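Here are the chains, one letter per residue:
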Amino acid sequence: MFTTFQDAFRLLAHLDAGVVGIVLVSLQVSLTALLLGTLIGLPLGALLATEEFHGKKTITVILNTLMGVPTVIVGVVVYLLLSRTGPLGVWGWLFTPKGMIVAQTLLTTPLIAALSRQILEDSWRIHRDSFKALRLPRLSALKWLIWDCRFSLTIAVLAGLARAISEVGAVMIVGGNIDHSTRTMTTAIALETSKGDLPLALALGIILLGIVLLANLFTFAVRQIAERRYG
């Protein structure tokens with residue numbers, strides 16, 4: 001075990017090209033999926049938090065269900081959509097980073113939407129009467145509401161990042177775990193562990209934990225600054 005840790009830290013210290021390539025693919029796919037998931041999920045959560053319409057409860061239940069859906073199911077669905085015989089097969093995105101981004105976006109969007117809905121709904125109950133008294137347009141009210149909850153919403157975004165970057169099943173199915181193309185940290189860890197290359201798997205695991213830790217520290221720092229400034 002001690003030798004394995006030594007070899008893993010040696011790979012990190014020398015910035016092994018294989019490790020760097022895998023990390024870059026992971027960050028490209030996960031951060032792009034996070035951005036898309038936030039752009040879709042946040043407005044959807046705001047809409048569900050502030051509007052009353054037929055089918056709202058059904059959509060909320062579906063979002064809450066999709067938060068915990070097994071990732072392999074999402075992978076199979078995206079695989080069928082992007083396969084040659086699928087409706088989106090002409091795009092040629094199967095076994096490419098683009099296909100992996102689609103799969104991870106489908107995973108992050110419901111999570112961010114469901115969490116942001118709860119955060120914004122609580123704030124909406126507090127400020128709704130004030131917005132009506134001021135006769136603010138609905139779009140302006142939503143912008144103000146999101147801005148007011150921006151620090152709490154970072155938790156939802158952070159949860160989306162954790163969901164995306166730690167994903168294995170869907171990206172394995174859609175991406176194919178192709179070396180120098182679609183191999184991510186999680187899929188590489190699974191592969192290298194099964195092959196017995198524990199130093200590489202451990203090195204990637206350390207980087208993955210470091211990324212999640214940095215994201216948490218950033219969120220914690222933002223909340224601390226906000227509390228000092230705004231109380």
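One structure accompanies this document, and this report is about it.

What counts as what
- Residues numbered from 1 in each chain as written.
- Predicted model: local features only at pLDDT ≥ 70, side-chain atom pairs only at ≥ 80, totals over all residues.
- Heavy atoms only, no water.
- Axes fitted to C-alpha atoms, helices over the stretch in contact; angles between N-to-C directions.
- Helix = DSSP H or I, 4+ residues; strand = E, 2+ residues; numbered from the N terminus.
- Parallel < 35°, antiparallel > 145°, perpendicular 65-115°, else oblique.
- Left-handed = near helix turned anticlockwise from the far one by under 90°.
- Contact = heavy atoms within 4.5 Å.
- Nonpolar A, V, L, I, M, F, W, Y, C, P; charged D, E, K, R; others polar.
- Salt bridge = Lys/Arg side-chain N within 4 Å of Asp/Glu carboxyl O.
- Buried < 20%, exposed > 50% of the residue type's maximum accessible area, 1.4 Å probe, protein only.
- Phe/Tyr/Trp six-rings, centres within 6.5 Å; stacked < 30°, edge-to-face > 60°.
- Lys NZ or Arg CZ within 6 Å of the ring centre and 35° of its normal.
- Core = buried A, V, L, I, M, F, W, Y, C linked by side-chain atoms within 4.5 Å.
- Polar contact = N/O pair within 3.5 Å; in protein donor to acceptor, adjacent residues only side chain to side chain.
- 1 Å grid on protein atoms, 1.4 Å probe; cavity = no way out; pocket = protein on both sides within 12 Å on 5 of 7 lines; lining within 4 Å.
- Points joined across faces, edges and corners; volume = space filled by probe spheres on them.

## Description of the packing of helix α4 (residues 71-82) against helix α5 (residues 97-134)
For any two helices packed against each other, the geometry comes down to the angle between their axes and how far apart the axes lie.
And step 1. At a minimum axis separation of 10 Å, α4 and α5 run at an interaxial angle of 135°. Classified by the angle their axes make, α4 and α5 are oblique. Where α4 crosses over α5, the handedness of that crossing is right-handed. Here Thr71, Val74, Val78 and Leu82 of α4 lie close against α5, whose contacting residues are Gly99, Val102, Ala103, Leu106 and Leu107.
And step 2. Its residues assigned to classes, the contact of α4 with α5 shows seven nonpolar, two polar and no charged.

## Let's talk about unusual backbone geometry
And step 1. Positive phi, normally seen in glycine, also occurs at Asn177, with a value near 55°.
And step 2. As for its position among the elements, Asn177 is in the loop between α8 (169-175) and α9 (185-195).
And step 3. Positive phi values are uncommon outside glycine, yet His180 reaches one of about 65°.
And step 4. Assignment of secondary structure puts His180 in the loop between α8 and α9.

## Concerning the pattern of salt bridges
And step 1. All told, the structure shown has eight salt bridges when counted by the stated rule.
And step 2. Ionic pairing is found between Arg183 and Glu192, a salt bridge with its closest N-O pair at 4.0 Å.
And step 3. The shortest N-O distance in the salt bridge between Lys195 and Glu192 comes to 3.6 Å. With Lys195 and Glu192 both in helix α9, this residue pair falls three residues apart, about one helical turn.
And step 4. We classify Lys195 as exposed; its relative accessible area is 57%.

## Regarding the packing of aromatic side chains
And step 1. Tallied over the entire structure, the rule returns two aromatic pairs.
And step 2. Plain terms: the ring middles of Tyr79 and Phe95 are 6.2 Å apart, the flat faces sit at 65° to each other, and that makes the pair edge-to-face. On the criterion of sequence distance, the pair formed by Tyr79 in helix α4 and Phe95 in the loop between α4 and α5 is long-range, its members being 16 residues apart.
And step 3. A residue is classified by how much of its surface remains accessible, and Phe95, at 34% relative accessible area, is partly exposed.
And step 4. Over the face of the ring belonging to Trp147 we find Arg150, whose NZ or CZ atom lies 3.8 Å from the ring centre.

## Focus on the nonpolar core
And step 1. Counting 11 residues, the largest nonpolar core is built from Leu42, Ala46, Ala49, Leu120, Trp124, Phe131, Ala141, Leu142, Leu145, Cys149 and Leu153.
And step 2. When near neighbours in sequence (up to four residues on either side) are disregarded, Leu120 contacts Gly45, Ala46, Ala49, Leu145, Ile146, Cys149 and Leu153.
And step 3. With 10 residues, the next largest nonpolar core counts Ile22, Val23, Ile165 and Ile211 among its residues.

## Notes on the side chain of Thr187
And step 1. Tracing the chain through its elements places Thr187 in helix α9.
And step 2. Under the relative-accessibility criterion, Thr187 is labelled buried at 1%.
And step 3. Looking at Thr187, its side chain comes within polar contact range of the side chain of Asn177, at 3.0 Å.
And step 4. Setting aside residues no more than four positions away along its own chain, Thr187 makes contact with Val168, Val171, Met172 and Asn177.

## Comments concerning empty space enclosed by the protein
And step 1. Taken as a whole and judged by the stated rule, the model has one cavity of 30 Å³ or more.
And step 2. Of the pockets and cavities examined, the largest cavity occupies roughly 30 Å³.
And step 3. Taken together, Ser26, Ser30, Gln104, Ala164, Ile165, Glu167, Thr184, Met185 and Thr186 make up the full set of residues lining the largest cavity.
And step 4. Secondary structure elements with two or more residues in the lining of the largest cavity: α2 (17-50), α7 (150-165) and α9.
And step 5. Of the residues that constitute the lining of the largest cavity, the class distribution is three nonpolar, five polar and one charged.

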